[in-house]
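Residues per chain, in single letters:
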Amino acid sequence: MLPLKWVLLDSIHRCSSLRSFKNVHAQLVTTGIVGEELIVNGAVDFFEKSVEFVDYACDFLKKFDCRVNSFSFSKLIARYASSDRPQTAVLVYRRILRDGFWPDMYVFPAVLKSCAKFTGIGEGRQVHGVVVKMGFTWDLYVQNSLVYCYSVCGECMGAGRVFDEMLVRDEISWSGIISGYVRAGLFDQAVALYLRMDVEPNIKSLVSVLGACGRKGYLGLGKEIHGLIVKRGYGVGLEASNALMDMYAKCECVCMTRQIFYELPEKDIVSWTSIISGLVQCKHPKESLELFCNMQTFGIDPDRVILTSVLSACASLGALEYGKWVHNYINHRGIKWDSHIGTAMIDMYAKCGCIELAEKTFSNLSSKNVFTWNALIGGLAMHGHGHEALEHFKEMRKVGMRPNEVTFLAILTACCHSGFVDEGRRHFYQMISQPYNLSPRLEHYGCMIDLLCRAGQLDEAVILIKHMPMSPDVLVWGTLLNALNSSRNMVLPQDMLNFLMELESHDSGIYVLLSNIFAANGRWNDVERVRRLMKEKGIKKAPGSSLIEVDGETHEFVVGHTSQSCNEDIHTLLNILANQVSLEGRCTQSSMTH
């Protein structure tokens, strides 16, 4: 027959309500075994089941002696901190303080963990105050918990102060502060801390620094960390491999991203997200769609991050049917629409030429941010719907959404494509004035110069180029040169011509336009000089290309290439169409004559 202690412990495990536990509690008291450690652990397991048991749990546990009391409360708080109800751990902590119980060094880390879990920075600061008051700032475990809590809650200054005051730091101290800086977007500071480390970094530190390297494009340091991970045997883990893939993808090192992915013995959703999103970022949209199809054959359901990347790939390829399939998939699976998916969907439809579907998607979205508005306004601008773009811009400001640099770029593009010169000027100067005070980037100047050149305002365009705070790029020069070449009635200032001749560019269009301008002005020596310069630099005119989607498959056509499998059929059809056009032209002329 089992001892009574084990029978009562089994009864505790089978309790489903507070009432049934109270019956067992009465038997524990009468038998005198209520304070044994196994019984306390069983009671803590029961109390964890509901937040409604907190007051009863505290009354139950505080009746034990100080040794058991400290342990049992720490255990209960730790359980709540690890559950999906971390605020309950703070309730227990406050209750025991109110009852006169002084927590020890084992209680504080559990409470701080719960504060971090629900980002309760206010509660964390209060616990920090009690830690200082009770003199536990010397304890490494407590200090690390404070650094972790402040870091997770985004309070890097608080985390930094605690970290700087630490007399002894271990790898957990360093990983806590580094991950906090990365989470807050302070990537350079995180890298600087890593380089200062005086202990061996753990995998968490290395993964965090890899994230910073990816965001800042520090490929060299990322490779060094890769070597360190392999040397220490971390490379077999998914966490490290996924971080490496993400870093290489953000640094546009596609070959290494692929290599790590295909060498993984097992892949999780993060692995697939890293490779698919990375390929989209590195301008390999077709390959990303192929991997997306492969992922589904492995039975892995895509999340919102992957679907957003796939929609971006569809937008880049003009793969409308694939994008519509993703739209139906989201609705069929009941995936919640958020601003990220909505923005990607609007962008996809707009870039595929389906403005009505883009506007319909925008109207149906319940959650919109500035990126969502930018996607719609940019799509309207791209397709020459200038009036609609300006109307949505007005509506955007009316609902209190603050435009950013991308918004103004879309508006300037709309004005450029629709020939709204005065509107373009007004919005350009509105951008740099109150209340926005935004600094125009090269793209804004380029768009404004394009607008002026299209309107024949070449003198104003030249003045704007001279007053730009940055050097014009090949696109700006190309816009101006193309306008000059078309007008043939304006001479480019000599200093700008000299600058163009010294320009370190390998864009063939610039040199061709410059040569044409020299030829139009009879400057044949300069024409020869430009041609010779192109030859010395090995510059050749890049062939044009176009994309077309047929039956869900995207085909690319490059000028001069004959690699298409149906090349002969295409040329036959083009000849038929050309003959038809020619025949219709003759018929029209004949009817007009008679």
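Structural data are supplied above this passage.
> What is the right way to read the pattern of salt bridges from this model?
Oppositely charged side chains can form a pair if their charged atoms are brought close together. In total, this model carries 14 salt bridges according to the counting rule given. Residues R232 and E200 are paired through a salt bridge, measuring 1.9 Å at the closest nitrogen-oxygen approach. In this pair, R232 is assigned in the loop between α14 (219–231) and α15 (238–250) and E200 in the loop between α12 (187–196) and α13 (203–216), connecting sequence segments 32 residues apart. The partly exposed category is assigned to R232, whose relative accessible area is 31%. Across the pair D338 and R304 runs a salt bridge whose closest N-O atoms are separated by 3.1 Å. With D338 in the loop between α20 (320–333) and α21 (339–351) and R304 in helix α19 (residues 304–317), the pair connects residues that are 34 residues apart, well separated along the chain. The class for R304 is partly exposed, based on a relative accessible area of 37%. What you see here is one network of salt bridges that share partners, running through D422, R425 and E460.

> Can you help me understand the packing of aromatic side chains in this one?
The way to describe two aromatic rings as a pair is by their centre distance and the angle between their planes. The tally for this structure, following the rule as stated, stands at 16 aromatic pairs. Centre to centre, the rings of F292 and W325 are 6.1 Å apart; their planes meet at 75°, and the pair counts as edge-to-face. Here F292 is found in helix α18 (residues 285–297), whereas its partner W325 is found in helix α20, with 33 residues between them in sequence. Over the aromatic face of F261 sits the side chain of K267, whose NZ or CZ is 5.1 Å from the ring centroid. The lysine or arginine in question, K368, covers the ring of F362, its NZ or CZ lying 5.0 Å from the ring centre.

> Help me out: how do you make sense of the packing of helix α8 (residues 121–134) against helix α9 (residues 140–152) in this one?
The angle between the axes and the distance between the axes are what describe a pair of packed helices. Where α8 contacts α9, the axes come no closer than 10 Å and their chain directions differ by 160°. In terms of axis orientation, α8 runs roughly antiparallel to α9. When the axes of α8 and α9 are compared, the crossing they make is left-handed. For the pair α8 and α9, contact is made by I121, G124, R125, H128 and V131 and by V142, L146, C149 and Y150, respectively. Its residues placed into classes, the contact of α8 with α9 shows six nonpolar, two polar and one charged.

> Help me out: how do you make sense of the side chain of H327 in this one?
Mapped onto the fold, H327 is located in helix α20. Setting aside chain neighbours within four positions, we find H327 in contact with W337, M345, Y349 and T361.

> Got a minute to help me understand the state of the cysteines in this structure?
In a disulfide, the sulfur atoms of two cysteines are held together by a covalent bond. Under the counting rule described, the total for this entry stands at zero disulfides. Its sulfur unpaired, C282 is 8.6 Å from the next cysteine sulfur, which belongs to C253.

> Could you clarify how one ought to interpret the packing of α19 against α20 in this entry?
Between α19 and α20, the least distance of the axes is 9 Å, while the angle of their chain directions is 160°. In this view, α19 runs roughly antiparallel relative to α20, as classed from their interaxial angle. In this structure, α19 meets α20 at a crossing whose hand is left-handed. Mapping the contact onto sequence places L307, V310, L311 and C314 in α19 and Y322, G323, V326, Y329 and I330 in α20. Taken together, the residues of the contact of α19 with α20 sort by class into eight nonpolar, one polar and no charged.

> Just to check I follow, could you spell out the environment of K223 for this structure?
Take K223: it is sitting in helix α14. Beyond its immediate chain neighbours, meaning those up to four positions away, K223 contacts M247 and Y248.

> Can you help me understand the environment of E405 in this one?
With respect to the element layout, E405 can be found in helix α25 (residues 405–418). E405 sits in the partly exposed class, given a relative accessible area of 25%. Each C-alpha atom, one on E405 and one on L438, is 6.8 Å from the other, the two residues being 33 residues apart in sequence. When near neighbours in sequence (up to four residues on either side) are disregarded, E405 contacts M431, L438, S439, R441 and H444.

> Which parts of the structure should I look at to understand helix α2 (residues 18–31)?
Structural remark: α-helix, 3.6 residues per turn; residues separated by three or four positions point the same way. Over its 14 residues, α2 runs 20 Å from end to end, which matches the ideal 20 Å to within 8%, given 1.5 Å per residue. Regarding α2, the residues found buried are F21, V24, H25 and L28. Down the axis, α2 shows its buried residues gathered within 110° of arc, on one side only. Of the residues in α2, the exposed ones pointing more than 90 degrees away from the buried face are R19 and T30.

Reading the values: rules and limits
- Residues numbered from 1 in each chain as written.
- Predicted model: local features only at pLDDT ≥ 70, side-chain atom pairs only at ≥ 80, totals over all residues.
- Heavy atoms only, no water.
- Salt bridge = Lys/Arg side-chain N within 4 Å of Asp/Glu carboxyl O.
- Helix = DSSP H or I, 4+ residues; strand = E, 2+ residues; numbered from the N terminus.
- Buried < 20%, exposed > 50% of the residue type's maximum accessible area, 1.4 Å probe, protein only.
- Phe/Tyr/Trp six-rings, centres within 6.5 Å; stacked < 30°, edge-to-face > 60°.
- Lys NZ or Arg CZ within 6 Å of the ring centre and 35° of its normal.
- Axes fitted to C-alpha atoms, helices over the stretch in contact; angles between N-to-C directions.
- Parallel < 35°, antiparallel > 145°, perpendicular 65-115°, else oblique.
- Left-handed = near helix turned anticlockwise from the far one by under 90°.
- Contact = heavy atoms within 4.5 Å.
- Nonpolar A, V, L, I, M, F, W, Y, C, P; charged D, E, K, R; others polar.
- Disulfide = S-S within 2.5 Å.
- Expected span 1.5 Å × (residues − 1).
- Arc of directions from axis to C-beta.

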